[in-house]
Amino acid sequence: AQSVTQLDSQVPVFEEAPVELRCNYSSSVSVYLFWYVQYPNQGLQLLLKYLSGSTLVKGINGFEAEFNKSQTSFHLRKPSVHISDTAEYFCAVSDGPGGYQKVTFGTGTKLQVIP
Amino acid sequence: DGGITQSPKYLFRKEGQNVTLSCEQNLNHDAMYWYRQDPGQGLRLIYYSQIVNDFQKGDIAEGYSVSREKKESFPLTVTSAQKNPTAFYLCASSDRDGNEQFFGPGTRLTVL
């Protein structure tokens, strides 16, 4: 069974500072990995995804993530955050290709950008 | 514009009443999903459907029911058997490859 761990439930950071949101996963097979962002009372929007290929994935809004198979991690980073980045971020994993695969979500990390 | 719509955005229900949440997509996606979101618990899968007239239970299906009569529509009924229905409900869809799920704006259900 697959699982996702987001160790930090809340991350406060000053505006223009860098941030890293941590995500670790467990799965017995090849995986697809995702980061979604959720603004208050809204649905989830995809930030970026890793399906295969380069382990460094670039997404929208200046975010990037690195797939590290040996450490089973997929941490999300941004070199300089903006007030508008204040939101909740969810890491998710699915069991790779082959039609429908269940997606398992982490419990989320709330990023609070302090002016 | 293609996307997923959910209605209503806010819904209030008295205990003992069934209520149906609407989800419509015009992305021509085969698969659709319902998730429940509670604070600090992430998203939990209620039901999913890969094709019309077929659906499967997710992790927390008890007290919920769904139908998939049309490709575009996947309504969720919260029945009186659901003991703690107050939550934020999210509908999503994906293509046959399942590489990415697209989410609707959500419905916040409150039981009074």
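Figured I'd write up the structure that's included with this text.

The rules behind the values
- Residues numbered from 1 in each chain as written.
- Chains lettered and ligands numbered in written order.
- Predicted model: local features only at pLDDT ≥ 70, side-chain atom pairs only at ≥ 80, totals over all residues.
- Heavy atoms only, no water.
- Disulfide = S-S within 2.5 Å.
- Helix = DSSP H or I, 4+ residues; strand = E, 2+ residues; numbered from the N terminus.
- Buried < 20%, exposed > 50% of the residue type's maximum accessible area, 1.4 Å probe, protein only.
- Patch = residues over 30% accessible without salt bridge, like charges linked within 9 Å, V, L, I, M, F, W, Y side chains within 5 Å.
- Areas by Shrake-Rupley, 256 points an atom, 1.4 Å probe, with all protein chains shown as cover.
- Salt bridge = Lys/Arg side-chain N within 4 Å of Asp/Glu carboxyl O.
- Polar contact = N/O pair within 3.5 Å; in protein donor to acceptor, adjacent residues only side chain to side chain.
- Contact = heavy atoms within 4.5 Å.
- Pairing = 2+ DSSP bridges.
- Buried area = accessible area lost by both parts, 1.4 Å probe.
- Nonpolar A, V, L, I, M, F, W, Y, C, P; charged D, E, K, R; others polar.
- Phe/Tyr/Trp six-rings, centres within 6.5 Å; stacked < 30°, edge-to-face > 60°.
- Lys NZ or Arg CZ within 6 Å of the ring centre and 35° of its normal.

For the rest of this paragraph, the subject is the state of the cysteines. By definition, a disulfide is the covalent link that joins the sulfur atoms of two cysteine residues. Counted under the stated rule, the structure contains two disulfides over all chains. Disulfide partner of Cys-23 of chain A: Cys-91 of chain A, at an S-S distance of 2.0 Å. Here Cys-23 of chain A and Cys-91 of chain A share a disulfide; its torsion about the S-S bond, -65°, makes the bridge left-handed. Placement of Cys-23 of chain A in the loop between β3 (19–21) and β4 (24–26) and of Cys-91 of chain A in strand β10 (residues 87–94) is noted, with a sequence separation of 68 residues between them. Between Cys-23 of chain B and Cys-91 of chain B runs a disulfide, and the two sulfur atoms are separated by 1.9 Å. Disulfide Cys-23 of chain B-Cys-91 of chain B: the torsion about the S-S bond is -70°, which places it as left-handed. Here the residue Cys-23 of chain B occupies a position in strand β3 (residues 19–25), and Cys-91 of chain B occupies one in strand β9 (residues 87–94), the gap between them amounting to 68 residues. Residue Cys-23 of chain B is classed as buried on the basis of its relative accessible area, which comes to 0%.

Among the surface-exposed residues, Tyr-10, Phe-12 and Leu-112 of chain B lie close enough to one another that they form a single nonpolar patch of about 370 Å² accessible area. Given a relative accessible area of 56%, Phe-12 of chain B falls into the exposed group.

Residue and element names in this part refer to chain A. Take Gln-2: it is sitting in the segment before β1 (3–5). A distance of 2.9 Å separates a polar atom in the side chain of Gln-2 from a polar atom in the side chain of Thr-104. The residues contacting Gln-2, other than those within four sequence positions of it, are Ser-26, Ser-27, Val-93, Ser-94, Asp-95, Lys-102, Val-103 and Thr-104.

All names here are of chain A. The buried fraction of β10 is high, at eight of eight residues. Here strand β5 (residues 32–38) pairs with β10 via seven bridges, running antiparallel. Paired with Val-37 across the strands is Tyr-89, a residue of β10. Note that β10 and strand β12 (residues 109–114) share three bridges and pair antiparallel. Counterpart to Glu-88 in the pairing with β12 is Lys-110. Direction of pairing for β10 relative to strand β11 (residues 103–105): antiparallel, over a ladder of three bridges. Across the sheet, the residue bridging to Ser-94 is Val-103, located in β11.

It is common to give the size of an interface as the accessible area that goes away when the parts come together. Contact with chain B, which involves 24 residues of that partner, is made by 20 residues of chain A. Between chain B and chain A lies a buried interface of about 1800 Å² when both sides are counted; carbon and sulfur atoms form 51% of it. For Lys-49 of chain A, the salt bridge identified is with Glu-100 of chain B, shortest N-O distance 3.4 Å. At the junction of chain B and chain A, the tally comes to seven residue pairs in polar contact (both at pLDDT 80 or more). The element that contributes the greatest number of residues to the side of chain B that touches chain A is strand β5 (residues 43–51) of chain B, accounting for four residues. Of the residues in the side of chain B that touches chain A, the class split is 10 nonpolar, eight polar and six charged.

Let us now look at the packing of aromatic side chains. Residues and elements named next belong to chain B. Under the definition given, this model contains 12 aromatic pairs over all chains. Ring centres 5.9 Å apart and planes at 80° place the aromatic pair Tyr-47 and Phe-55 in the edge-to-face group. On the accessibility criterion, Phe-55 (36% relative accessible area) is partly exposed. If you follow Arg-68 out to its NZ or CZ, it ends over the ring of Phe-74, 6.0 Å from the centre.

This part takes up the pairing of strand β6 (residues 54–57) of chain B. All names here are of chain B. One ladder, built from three bridges, connects β5 with β6; its direction is antiparallel. Pairing of Tyr-47 across the sheet is with Lys-57, part of β6. Hairpin connection between β5 and β6: a loop of two residues separates the two successive antiparallel strands, and Asn-53 in this loop has a positive phi of roughly 65°.

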